Amino acid sequence: MPYICPICQSPLIQHLSSKGYYCKNKHHFDLAKEGYLNLLPAQHKKSKEPGDSRAMMRARRNFLEAGFYQPMAKALASMIDKHRTESVPMHILDVGCGEGYYSRQIEIHAQHSENLDLQGIDIAKNAIFAAAKKQPNAHFIVASSKSMPYADHYFDLLFRVYAPSNDKEINRLLKPGGLLLIVTPGPRHLWQLKEFIYKEVKEHSADISLPEGFEQIESQRISYTIQPDQEQRMALLQMTPFAWRAKGDVQNKIQRSHGLEIEADFILTLALKK
Ligand SMILES: C[S@@+](CC[C@H](N)C(=O)[O-])C[C@H]1O[C@@H](n2cnc3c(N)ncnc32)[C@H](O)[C@@H]1O
Ligand SMILES: [Zn+2]
């Protein structure tokens, strides 16, 4: 079993009839109807609904499902495929998975996806609810990436797309020789959207910091332009960390910029745990 108890860290065992999970110290966790597990005890929560709000999650889902980031998702899936032995099951974790778009894309694009064990973790319950509903054969849990309730060295590969993570936990969860795949914004990501917001737009730094004990083995830049419609532009704006800077007048301008072409620019970094 991959899971450990978030309260006492003992292994979790699945209850055969209820399908819920429990540990030897009788901490119990129900399996939701949609198939996800909530492993974020109330005492670990800093707010009532931690993580992205439902509105943010919906906006992101609509935007992603329209396919604007599919070229990046495909590159992510093929990078994973390239580094696996098809006949051997691979345990993969999406850290800060949101509503599971990338996990679904990996399943769609991978060769022999039946040999993939896809797992996802996010602190936002509404996102995990949506992810579990859409991908019944993947496994999703509500928990924080700062303290991930999985057994040591369980995973062959961890990836994260624009989500927070914790180096110590990444190290603990990955097998020796395991892989870490990080997607970060490339220098020109969303340039034309940022031009509405900043007087002087600066390029994103291409440097990424790897946890100690990791060695970069591959890097790929994916850039292209997208042309989202009005509603999608607003959704995209909401997905960005600079959305809060866009006041009413700026939002109106973005809304009215019909046909605006926006650069998408991503860097995929693959690192090996030594
Ligand atoms: C920018 S979103 C990216 C989501 C997804 N990877 C994607 O690209 O569609 C960041 C995600 O991290 C989650 N998050 C924020 N803090 C977290 C934490 N401490 N632990 C786990 N997830 C967290 C949010 O709920 C949100 O779903
Ligand atoms: Zn316990």
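The rules we used
Residues numbered from 1 in each chain as written. Chains lettered and ligands numbered in written order. Predicted model: local features only at pLDDT ≥ 70, side-chain atom pairs only at ≥ 80, totals over all residues. Heavy atoms only, no water. Axes fitted to C-alpha atoms, helices over the stretch in contact; angles between N-to-C directions. Helix = DSSP H or I, 4+ residues; strand = E, 2+ residues; numbered from the N terminus. Parallel < 35°, antiparallel > 145°, perpendicular 65-115°, else oblique. Left-handed = near helix turned anticlockwise from the far one by under 90°. Contact = heavy atoms within 4.5 Å. Nonpolar A, V, L, I, M, F, W, Y, C, P; charged D, E, K, R; others polar. Core = buried A, V, L, I, M, F, W, Y, C linked by side-chain atoms within 4.5 Å. Buried < 20%, exposed > 50% of the residue type's maximum accessible area, 1.4 Å probe, protein only. Pairing = 2+ DSSP bridges. Near = heavy atom within 4 Å. Polar contact = N/O pair within 3.5 Å; in protein donor to acceptor, adjacent residues only side chain to side chain. Areas by Shrake-Rupley, 256 points an atom, 1.4 Å probe, with all protein chains shown as cover. Domains from an automatic or database assignment. Buried area = accessible area lost by both parts, 1.4 Å probe. Salt bridge = Lys/Arg side-chain N within 4 Å of Asp/Glu carboxyl O.

1. Here we look at the packing of helix 1 (residues 54–65) against helix 7 (residues 230–239)
Move 1: Running from N to C, helix 1 and helix 7 point in directions that differ by 125°, and their axes come no closer than 9 Å. Comparing their axes, helix 7 and helix 1 come out oblique. Helix 7 is crossed by helix 1, and the crossing has left-handed handedness. In this structure, helix 1 uses A55, M56, A59, R60, F63 and L64 to contact helix 7, whose residues at the interface are Q232, A235, L236, Q238 and M239.
Move 2: When its residues are assigned to classes, the contact of helix 1 with helix 7 shows 8 nonpolar, 2 polar and 1 charged.

2. Some details on the nonpolar core
A general tendency of soluble globular proteins is for nonpolar side chains to be buried together.
Move 1: Counting residues in hydrophobic clusters, the biggest one holds 56 residues, and the most contacted among them are Y69, Y102, F159 and L268.
Move 2: Per element, the largest residue contribution to this core is 7 residues, and it comes from helix 2 (residues 70–82).
Move 3: Residues C5, I121, M148 and A271 belong to the second largest nonpolar core, which totals 25 residues.

3. Regarding the sheet that holds strand 3 (residues 28–29)
Move 1: As summarised here, the arrangement of the 3 strands in space is 1-2-3, forming an open sheet in which the pairing is antiparallel. Of all strands in the sheet, those bounded by a partner on one side alone are strand 1 (13–14) and strand 3.
Move 2: In the sheet, strand 2 (residues 21–22) pairs with strand 3 via 2 bridges, with the strands oriented antiparallel. Considered in strand 3, the bridge of Y22 is made with H28.

4. Things to note about the environment of V201
Move 1: Here V201 lies in the loop between helix 6 (191–194) and strand 10 (214–226).
Move 2: Each C-alpha atom, one on V201 and one on W191, is 7.4 Å from the other, the two residues being 10 residues apart in sequence.
Move 3: Once residues within four sequence positions are removed from consideration, V201 is found in contact with W191, K194 and E195.

5. Quick notes on the site of ligand 1
Move 1: In the region of ligand 1, 18 residues are neighbours, and D52, G96, D122, S145 and V161 sit closest.
Move 2: Here an oxygen atom of ligand 1 sits 2.7 Å away from a polar atom, N or O, in the side chain of D122.
Move 3: Within the complex, 87% of the 600 Å² of free accessible area of ligand 1 lies under protein.
Move 4: Classifying every residue of the shell around ligand 1 by side-chain character gives 10 nonpolar, 5 polar and 3 charged.

6. Concerning the domain arrangement of the chain
Move 1: Domain annotation of the chain identifies domain 1 (1–31) and domain 2 (36–273).
Move 2: On a C-alpha basis, the centres of domain 1 and domain 2 stand 28 Å from each other.
Move 3: With 11 residues of domain 1 in contact, the opposing surface of domain 2 contributes 15 residues.
Move 4: Note on domain 1 versus domain 2: buried area summed over both sides is about 1,100 Å², and carbon and sulfur give 70% of it.
Move 5: Where domain 1 packs against domain 2, one counts 0 salt bridges.
Move 6: Summed over the shared surface of domain 1 and domain 2, the number is 3 residue pairs in polar contact (both at pLDDT 80 or more).
Move 7: Of the residues belonging to the side of domain 1 that touches domain 2, the class tally is 10 nonpolar, no polar and 1 charged.

7. What about the sheet that holds strand 10?
Move 1: Strand order in the open sheet made by the 8 strands is 4-7-6-5-8-9-11-10, with mixed pairing throughout. The open sheet has two edge strands with one neighbour each: strand 4 (37–38) and strand 10.
Move 2: Two strands pair when backbone bridges link them, and strand 4 and strand 7 (residues 139–142) are joined in this way by 2 bridges, in the parallel orientation. Counted as the bridge partner of L37 is I141 from strand 7.
Move 3: Across the face of the sheet, helix 3 (residues 101–109) comes into contact with strand 5 (90–95), strand 6 (116–122), strand 7 and strand 8 (155–161) while running at roughly 170° to strand 6.

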